[in-house]
Amino acid sequence: MSNLSTIIELLAKPARLRSILSFNKKGYLKEIGWFSAFESMSPVDRHGNPIPWVTYPFIDFIRERITKDHKVFEFGSGNSTHFYAKYAGSVVSVEHDKAWYDKIVSTKAENSEMIFTELQTDGDYCRMPVKLGQKFDIIIVDGRDRVNCCKQAIDALTPAGVVVLDDSERDFYTDGVSFLKEKGFKQLPFSGISPGLFYNKATSVFYKEGNCLGI
């Protein structure tokens, strides 16, 4: 449907139009800061605080579960790096975009570490958490080469560790989802919209019994 057809349809249904216009003043979208994210073209809450570019249901979930006892690794960086550093004990992020890396590293929290690595499929980028020789409680897969990141992540998890895959509904990442399930992980998807975007997507937690998030 074209934009013009959409406008004509809305004008023909004034009750629907009034309802849509009211969303900017009250209701769920206003409360979660969706309009703030849309207008700034960045993932922020209603007060302008940084949040990850994942689904709102997952943000609500992880905010209540993550603690200063947790070590987080994330593929990809940005407002998510600031968000996780606020709640976790430490955050390590790998980033392939040098300009973006330079921007984020200049404002990172003291308990976060940024690593720049050039992107090669099935290369150092996806292997970074293993190469560090550390174990992480939560590994966030929200960057590039996600299937290979999922495959490498499990070797860098603590015994109670979990993997989080954003956009897990995409067919492009099916092999990563299947791999984690074959390794004994269960999938808990959080579906919904994300900051500033208005299409349905999913952010999934892959976990085993006795995991660090109490699932």
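This is a predicted model, so every value here is computed, not measured.

Looking only at helices and strands, the protein chain has ten helices and seven strands in total. Here the protein chain holds 215 residues, and 47% of them are scored as buried. Once local pairs closer than 6 in sequence are excluded, the contacts in the protein chain between residues at least 24 apart make up 51%. When the accessible surface of the protein chain is totalled, it reaches about 11300 Å², and 53% of it is carbon and sulfur.

Within the secondary structure, Tyr 87 is located in helix 6 (residues 79–87). For the pair formed by Tyr 87 and Thr 67, sequence separation is 20 residues and the distance between their alpha carbons is 5.7 Å. Discounting chain neighbours no more than four positions away, the residues touching Tyr 87 are Arg 63, Ile 66, Thr 67 and Lys 68. A polar contact of 3.4 Å, which involves the side chain of Tyr 87, links it to the side chain of Arg 63.

A word on the sheet that holds strand 1 (residues 71–75). One open sheet accounts for seven strands, arranged 3-2-1-4-5-7-6; its pairing is mixed. Edge positions in the open sheet fall to strand 3 (112–116) and strand 6 (186–192), since each of these has one partner strand only. When the angles between neighbouring strand axes are averaged without regard to direction, this sheet yields 15°. With respect to the sheet, helix 5 (residues 56–65) is in contact with strand 4 (136–141), strand 5 (157–166), strand 6 and strand 7 (201–207), its orientation differing from that of strand 6 by roughly 125°.

Before going further, it helps to spend a moment on unusual backbone geometry. A negative phi holds for most residues other than glycine; trans holds for most peptide bonds. Despite not being glycine, Met 41 shows a phi value in the positive range, around 55°. Within the secondary structure layout, Met 41 lies in the loop between helix 4 (34–40) and helix 5. In this structure Met 41 comes out as exposed when scored by relative accessible area, which is 69%. We note that Asp 167 has phi near 60°; this positive angle belongs to a residue other than glycine. Position of Asp 167 among the secondary structure elements: in the loop between strand 5 and helix 10 (174–182).

Core analysis: the largest hydrophobic core is formed by 28 residues, its most contacted members being Phe 58, Ile 62, Val 72, Tyr 84, Ile 138, Val 205 and Leu 213. Of all the secondary-structure elements, those providing two or more residues to this core are helix 3 (28–32), helix 4, helix 5, helix 6, strand 4, strand 5 and strand 7. A total of five residues in this core trace back to one element, the largest contributor, which is helix 5. Among residues more than four places away in sequence, those in contact with Ile 62 are Phe 83, Ile 138 and Leu 213. Grouped together as the second largest cluster of nonpolar side chains are 25 residues, Val 94, Cys 149, Ala 156 and Phe 206 included.

A separate point is the packing of aromatic side chains. Under the counting rule described, the total for this entry stands at 13 aromatic pairs. When the centroid spacing of 5.0 Å and the interplanar angle of 55° are considered together, the rings of Phe 83 and Tyr 87 count as tilted. One end of the pair, Phe 83, and the other, Tyr 87, are both in helix 6, four residues apart, so they sit about a helical turn from each other. Linked through ring pairs, Trp 34, Phe 35, Phe 38 and Phe 198 together constitute an aromatic cluster. In this structure, Lys 71 packs its charged tip against the face of Phe 136, placed 5.4 Å from the ring centre. Here the guanidinium or amino end of Lys 98 rests over the ring plane of Phe 116, the centre of that ring lying 6.0 Å away.

Among the structural elements, Lys 71 can be located in strand 1. On a C-alpha basis, the gap between Lys 71 and Gly 161 in space is 9.5 Å, while along the polypeptide they are 90 residues apart. Lys 71 has contacts with Ser 90, Gln 134, Lys 135, Phe 136, Asp 137 and Ile 138, leaving out every residue within four places of it along the chain.

Attention now moves to the pairing of strand 1. Judged by how many residues are buried, strand 1 sits mostly within the fold: four of five residues are covered. When strand 1 meets strand 2 (residues 90–95), the two strands line up parallel, connected through five bridges. When the bridges of strand 2 are listed, Val 72 appears paired with Val 91. This β-α-β element, strand 1 to helix 6 to strand 2, shows right-handed connectivity.

The rules behind each value
In this convention, every chain numbers its residues from 1, walking through the sequence in written order. Only residues with pLDDT of at least 70 are given local features in this predicted model, and only at 80 or more are side-chain atom pairs given and counted; all residues enter the totals for whole chains, interfaces and linings. Side-chain measures were taken over the full set of non-hydrogen atoms in the model, leaving aside hydrogen atoms and water. Strands here mean DSSP runs of E at least two residues long; helices mean DSSP runs of H or I at least four residues long; both are numbered from the N terminus. Relative accessibility under 20% of the residue-type maximum defines a buried residue, over 50% an exposed one, and the middle range a partly exposed one, all with a 1.4 Å probe and only protein chains included. Any two residues having at least one pair of non-hydrogen atoms within 4.5 Å are treated as being in contact. Here the Shrake-Rupley method, with its probe set to 1.4 Å, supplies the accessible areas, and only the displayed protein chains count as covering residues. Each polar contact in these results corresponds to two N or O atoms within 3.5 Å; when the atoms are within protein, one needs to be able to donate a hydrogen and the other to accept it, and residues that are neighboring in sequence are counted only if both atoms are side-chain atoms. Following DSSP output, two strands are said to pair if at least two bridges run between them. Each axis is a line fitted through C-alpha atoms, taken for helices only over the stretch in contact, and angles between the N-to-C directions span 0 to 180 degrees. By nonpolar core is meant a set of buried Ala, Val, Leu, Ile, Met, Phe, Trp, Tyr and Cys residues that side-chain atoms within 4.5 Å join together. For Phe, Tyr and Trp, where Trp contributes only its six-membered ring, two rings pair if their centres lie within 6.5 Å, and the inter-plane angle classes them as stacked under 30 degrees, edge-to-face over 60, or tilted in between. By definition here, charges over rings are those cases where NZ of Lys or CZ of Arg is within 6 Å of the ring centre and within 35 degrees of the ring normal. Viewed with both strands pointing away, a crossover whose connecting path from the first strand over the helix to the second turns clockwise is right-handed.

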